[in-house]
2 protein chains.
Amino acid sequence: MKHFLAAIAMITTAAQAQEVTTFDLDNGMEVVVIEDHRAPVVVHMVWYKVGSADEPVGASGVAHFFEHLMFKQTDVLAAGEFSATVAANGGSDNAFTSYDYTAYFQRIAADRLDLMMQMESNRMTNLAVTADNIETERNVVLEERNQRTENNPGALAREQFNAALFQNHRYGVPVIGWKHEMEQLELEDAIAFYDLYYAPNNAILVVAGDVEPDAVRALAETYYGVIPAEPNLPERIRPQEPPQRAERRITYTDPRVSQPYLTRSYLAPERNSGAQEEAAALVYLAELLGGSPFTSDLGTALQFDSQIALYTSASYDGNTLDSGTFQVAVAPAADVTLSEAEAAMDQVISDFMANDIDPARIESIRTQLRASEIYALDDMQGLARRYGAALSQSLTVADIQAWPAILQSVTETDIKAAAAKVFNRDQAVTGWVVATPEDAR
Amino acid sequence: MKHFLAAIAMITTAAQAQEVTTFDLDNGMEVVVIEDHRAPVVVHMVWYKVGSADEPVGASGVAHFFEHLMFKQTDVLAAGEFSATVAANGGSDNAFTSYDYTAYFQRIAADRLDLMMQMESNRMTNLAVTADNIETERNVVLEERNQRTENNPGALAREQFNAALFQNHRYGVPVIGWKHEMEQLELEDAIAFYDLYYAPNNAILVVAGDVEPDAVRALAETYYGVIPAEPNLPERIRPQEPPQRAERRITYTDPRVSQPYLTRSYLAPERNSGAQEEAAALVYLAELLGGSPFTSDLGTALQFDSQIALYTSASYDGNTLDSGTFQVAVAPAADVTLSEAEAAMDQVISDFMANDIDPARIESIRTQLRASEIYALDDMQGLARRYGAALSQSLTVADIQAWPAILQSVTETDIKAAAAKVFNRDQAVTGWVVATPEDAR
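Residues numbered from 1 in each chain as written. Chains lettered and ligands numbered in written order. Predicted model: local features only at pLDDT ≥ 70, side-chain atom pairs only at ≥ 80, totals over all residues. Heavy atoms only, no water.

(A) Focus on the overall build of chain A. For chain A, the helix and strand inventory stands at 15 helices and 12 strands. On C-alpha atoms alone, chain A measures out to a radius of gyration of 23 Å, which is about the 22 Å that the 2.2 N^0.38 rule sets for 441 residues. With the C-alpha coordinates of chain A rotated into their principal frame, the extents come out at 65 × 50 × 40 Å. Here the analysis covers contacts within chain A between residues at least 6 apart in sequence; of these, 79% occur between residues at least 24 apart. Total accessible area on chain A stands at roughly 17600 Å², and carbon and sulfur atoms take up 52% of it. Across chain A, 31 positive and 63 negative side-chain charges occur, with their mean positions spaced 3 Å apart. (Helix = DSSP H or I, 4+ residues; strand = E, 2+ residues; numbered from the N terminus. Rg over C-alpha atoms; globule rule 2.2 N^0.38 Å. Contact = heavy atoms within 4.5 Å. Areas by Shrake-Rupley, 256 points an atom, 1.4 Å probe, with all protein chains shown as cover. Lys, Arg positive; Asp, Glu negative; His and termini not counted. Charge placed at Lys NZ, Arg CZ, Asp CG, Glu CD.)

Have a look at this one:
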């Protein structure tokens, strides 16, 4: 039971341009209302705090599989009727599954919010999936895996690298699932997953657009408030990584690879509630090392000065419930071996650690981030998504609203300290992706 | 419920020197009696078909932890009284935990079998573990991990290599547990594990020695037969590996390493019920490649001819419920790099695959195996252990008894075919173990 934010107490903040109002229903469902009255449109989202990393062992892919099943029949809706109704009312809908959440969206005229809630609350609890649905939709998701993964050497390589990066955590298992386990998914797996996790006390309702919080609350109480909380919802504790003690190196060989490249993925701290500073510093680190080929360390050193590389990048993903990742990648120029490219990449990293950072570059990133945080406020759907994702990854509304200021306060010392922590080869996978064994040199 | 072998129908085989009698109790407990009347001694074992690979995710180490707790108090025995009673009666006792089973043994005068069953059946169901026991014994197993693993660079390296070898299966998690998860093991974890898995329908009783099957049956019915079957015992299905698509390479660096070495572990077929032929061929392969330094391919080529290596080995472990492993290892001589040693090792493997096998060598291994299978019959405790382990890894008595003949029937073609399947670098981890980064070359 959550008592810290009673349904009766509304918290309204104006830290950002939008009014953001949050409250809980009595059954534990969290509600976020983001007012944006510029256009008579609404985005309605339900986020379930369950993703592929919460799946039962041996049933990988069931979270994403279930996302598909949610568009099948309920006690009152025929299969496909949900999306057809959204479209008939001039809206669009979508859904997606990640490691940490499964989310369902509709964007539609504001006066259709009632209908959206009616349908979405109906499938939260009255889905009527049959063995036939399972058979059909299992083939659909297997085909999706074929297209996205089996036919994509980069995706296959990523799967292998991820499986090696995580020694214990389910982030090492692909969101779409291992094929051999997807083939075994049965009606019982799907129903068990639905019964346990699709419940108001495991869900976040985000409504953004031309709405008033009081009206949203009245509707939410009517449609979602009547659904009982799931009493057996488990505490969300996932297995954590043991100390990682040695770099893993993998060469993935696939004749379909057109351009060899290498990546290195490091475990990295993620954004945590009340402790987002390291994550903010890593946002800068990724920009400094690989943000733009014209200004970043990897880009200027490898793509321009030495012309060793055709492509370089650095990226940070700390928007995760558990451990985040920091990744660098280099595609070598013709006649440059992967060994040479990797050595050059590591030299850039060592140089970065050894030298001071030009304050003007930090200032420039700070300005870019300020601008992008301001632009983000204009993107109603993006903002709604940001709230839904962050709340389902155990951040709070206060954390989300504090993030732009935390980003602005990052210093060189913070960046260097975060980099020193992340650049630990013992917690990393270095992957080479090549077409032939001869390219792996 | 198992009806295929009713308690009333005894099967007696004389395929081997000993009489082996098997039957089931009505509650599903399997019983194996191995008669050996040479000395008035008995080995009494209870094998539970649960090991570390059956543990709940996030609770690694609980199977082994529970093995320790089984020596604490029950409703009638004080903590430590079990072992003290065995010793006071001139016997010895032990227990151990593996990926696939947890087993409890006593070796004692044959007329004390009644007492052993009385005590062992008592702790199958009446263990009375307290929070205090947990606190104390958790420190004991953590200290065990310190001694066996944390203070042993080879063991730490093996953990890292294993975690990379298995992408999905729990064989990638150490039997003793990850330290950070062991620290979190609580009374509820232990009790949940005990309640579910410590039940007669999940156990195998093996009694070997100077006993008569009828007498064992009468005692087993008295002590074990009265314990109800666990109705919620789950089917034993573990997550299997996805297709592995790229070799993993790991250099484990630890200043405590006194001699650098390298290992390569491949996934390999295991012994399966009714299909043990590939496993038998791999027993030969391990002998041919690394059996003795004086005759094996790795030994003669690397330790004698080129003197590249101080030590070589090849080993096969197919006594597993799920995937087995095949491993080769080389410790290079002074002034030989690990790269050179690995290249030489791979050359030995290629040469092996390219050339015929001398029939005399196969014949010599065949003879050794025949001899060791005959000697095995003399080792009452080893034989009892063989039955308990195999039955808890889903082999049958018929499989165990067929094994010596299957070993004898292996041909060169079988060995080559099994080798061609196993020597797939995409399903392998190559690990280097060194003291300093400079040694990794």
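(B) Structural detail: the UniProt feature "domain: Peptidase M16 C-terminal" (unreviewed entry) in chain A. Taken from the UniProt record, the annotation "domain: Peptidase M16 C-terminal" (unreviewed entry) applies to residues 185-369 of chain A. As annotated, residues 185-369 of chain A has a helix share of 39% and a strand share of 21%, and its two end C-alpha atoms lie 43 Å apart. (UniProt positions renumbered as here; feature names shortened; annotations may be inferred.)

(C) Fine view of the domain arrangement of chain A. Residues and elements named next belong to chain A. Segmentation of chain A into domains returns domain 1 (17-223) and domain 2 (248-439). Placing the centre of domain 1 and that of domain 2 at their C-alpha centroids yields a distance of 29 Å. Taken residue by residue, the interface counts 38 residues in domain 1 and 36 residues in domain 2. Summing the contributions of domain 1 and of domain 2, the shared interface buries around 3000 Å²; its carbon and sulfur component is 69%. Three residues, Pro-153, Phe-161 and Leu-165, lead the burial of domain 1 against domain 2; their summed loss comes to 21% of the area buried on that side. Scanning the region where domain 1 abuts domain 2 turns up zero salt bridges. Here domain 1 and domain 2 share nine residue pairs in polar contact (both at pLDDT 80 or more) between them. Ranked by the residues each element gives to the side of domain 1 that touches domain 2, the list is headed by helix H5 (residues 153-165), at eight residues. (Domains from an automatic or database assignment. Buried area = accessible area lost by both parts, 1.4 Å probe. Salt bridge = Lys/Arg side-chain N within 4 Å of Asp/Glu carboxyl O. Polar contact = N/O pair within 3.5 Å; in protein donor to acceptor, adjacent residues only side chain to side chain.)

(D) Broad picture of the UniProt feature "domain: Peptidase M16 N-terminal" (unreviewed entry) in chain A. Sequence positions flagged by UniProt for "domain: Peptidase M16 N-terminal" (unreviewed entry) are, in local numbering, residues 31-176 of chain A. Spanning residues 31-176 of chain A, this segment combines 42% helix with 18% strand, and its end C-alpha atoms are found 28 Å apart.

(E) Main features of the environment of Tyr198(B). Residue and element names in this part refer to chain B. When you line up the elements, Tyr-198 lands in the loop between helix H7 (187-197) and strand E7 (203-209). When its relative accessible area of 4% is taken as the criterion, Tyr-198 is described as buried. Residues Tyr-198 and Ala-229 lie 31 residues apart in sequence; the distance between their C-alpha atoms is 9.7 Å. Dropping the residues within four chain positions of it, Tyr-198 is found in contact with Tyr-48, Val-50, Phe-66, Met-70, Thr-102, Tyr-104, Met-124 and Phe-193. In terms of polar contacts, Tyr-198 uses its side chain to reach the side chain of Tyr-104, at 2.7 Å. (Buried < 20%, exposed > 50% of the residue type's maximum accessible area, 1.4 Å probe, protein only.)

(F) Looking closely at the relation of the copies chain A and chain B. For the match of chain A to chain B, the screw axis carries a shift of 0.0 Å, the RMSD comes to 0.0 Å, and the turn is 180°. These values place the two chain copies in the arrangement generated by a two-fold rotation axis. Closest approach to the rotation axis within chain A is made by the C-alpha atom of Arg249(A), at a distance of 2.3 Å. Looking at chain A, 100% of its interface residues are interface residues in chain B too, so the copies touch through the same face. (Least-squares fit on C-alpha atoms with pLDDT ≥ 70 in both.)

(G) Broad picture of the interface of chain A and chain B. The interface is formed by 28 residues belonging to chain A together with 28 residues belonging to chain B. Carbon and sulfur atoms supply 55% of the area buried between chain A and chain B, which totals about 2300 Å² over both sides. In this structure, the salt-bridge partner of Arg245(B) is Glu150(A), at a minimum N-O distance of 3.1 Å. Linking chain A with chain B are 15 residue pairs in polar contact (both at pLDDT 80 or more). The set of elements that each furnish at least two residues to the side of chain A that touches chain B consists of helix H4 (131-150), H5, helix H6 (179-182) and strand E8 (248-253) of chain A. The residue makeup of the side of chain A that touches chain B, split by class, is 12 nonpolar, eight polar and eight charged. (Nonpolar A, V, L, I, M, F, W, Y, C, P; charged D, E, K, R; others polar.)

(H) Inspection of the pairing of strand E6 (residues 102-109) of chain B at higher detail. Residue and element names in this part refer to chain B. Where burial is concerned, most of E6 is hidden: six out of the eight residues are buried. Looking at chain direction, strand E4 (residues 41-48) and E6 are connected through eight bridges and run antiparallel. Bridging across to E6, Met-45 finds its partner in Phe-105. (Pairing = 2+ DSSP bridges.)

(I) Geometry of the packing of aromatic side chains. Per the stated rule, a full pass over the model turns up 40 aromatic pairs over all chains. Between Tyr99(A) and Tyr171(A) the ring centres are 5.0 Å apart and the planes differ by 55°, which places this aromatic pair in the tilted class. Note that Tyr99(A) is positioned in the loop between strand E5 (92-97) and strand E6 (102-109) and Tyr171(A) in the loop between H5 and H6, a separation of 72 residues in sequence. In textbook terms, an aromatic cluster arises when at least three aromatic residues are bridged by ring pairs, as seen for Tyr48(A), Phe66(A), Phe71(A), Phe82(A), Tyr104(A), Tyr194(A) and Tyr198(A). For the cation-ring pair, Arg123(A) lies above Phe82(A), with the distance from its terminal atom to the ring centre recorded as 3.5 Å. A cation sits over an aromatic face here: Arg217(B) above Phe23(B), 5.4 Å from the ring centre. (Phe/Tyr/Trp six-rings, centres within 6.5 Å; stacked < 30°, edge-to-face > 60°. Lys NZ or Arg CZ within 6 Å of the ring centre and 35° of its normal.)

(J) Main features of the sheet that holds strand E11 (residues 324-332) of chain B. Pairing within the open sheet is mixed, and its 10 strands lie in the order E10(A)-E11(A)-E9(A)-E12(A)-E8(A)-E8(B)-E12(B)-E9(B)-E11(B)-E10(B). Both edges of this open sheet fall to strand E10 (309-317) of chain A together with strand E10 (309-317) of chain B, since each of them pairs with a single strand only. Within the sheet, the average angular offset between the axes of one strand and its neighbour, ignoring direction, is 15°. With eight bridges connecting them, E10(B) and E11(B) associate as antiparallel partners. Its bridge partner being in E11(B), Asp317(B) is matched across the sheet by Thr325(B). Here helix H11 (residues 338-354) of chain A sits on the sheet in contact with E8, strand E9 (261-268), strand E11 (324-332) and strand E12 (428-434) of chain A, set at roughly 40° to E9(A). (Axes fitted to C-alpha atoms, helices over the stretch in contact; angles between N-to-C directions.)

(K) Up close: the pattern of salt bridges. For the structure on display, the rule yields 60 salt bridges over all chains. Across the pair Asp100(B) and Arg238(B) runs a salt bridge whose closest N-O atoms are separated by 3.0 Å. Taken together, the residues span a long stretch of sequence, with Asp100(B) in the loop between strand E5 (92-97) and E6 and Arg238(B) in the loop between helix H8 (213-223) and strand E8 (248-253) at a distance of 138 residues. With its nearest N and O atoms 2.8 Å apart, the salt bridge here joins Arg145(B) to Glu150(B). Considered together, Arg145(B) and Glu150(B) belong to a single accessibility category, that of buried residues. Bridged by salt links that share partners, the residues Glu247(A), Arg249(A), Arg264(A), Glu342(A), Asp346(A) and Arg425(A) form one connected network.

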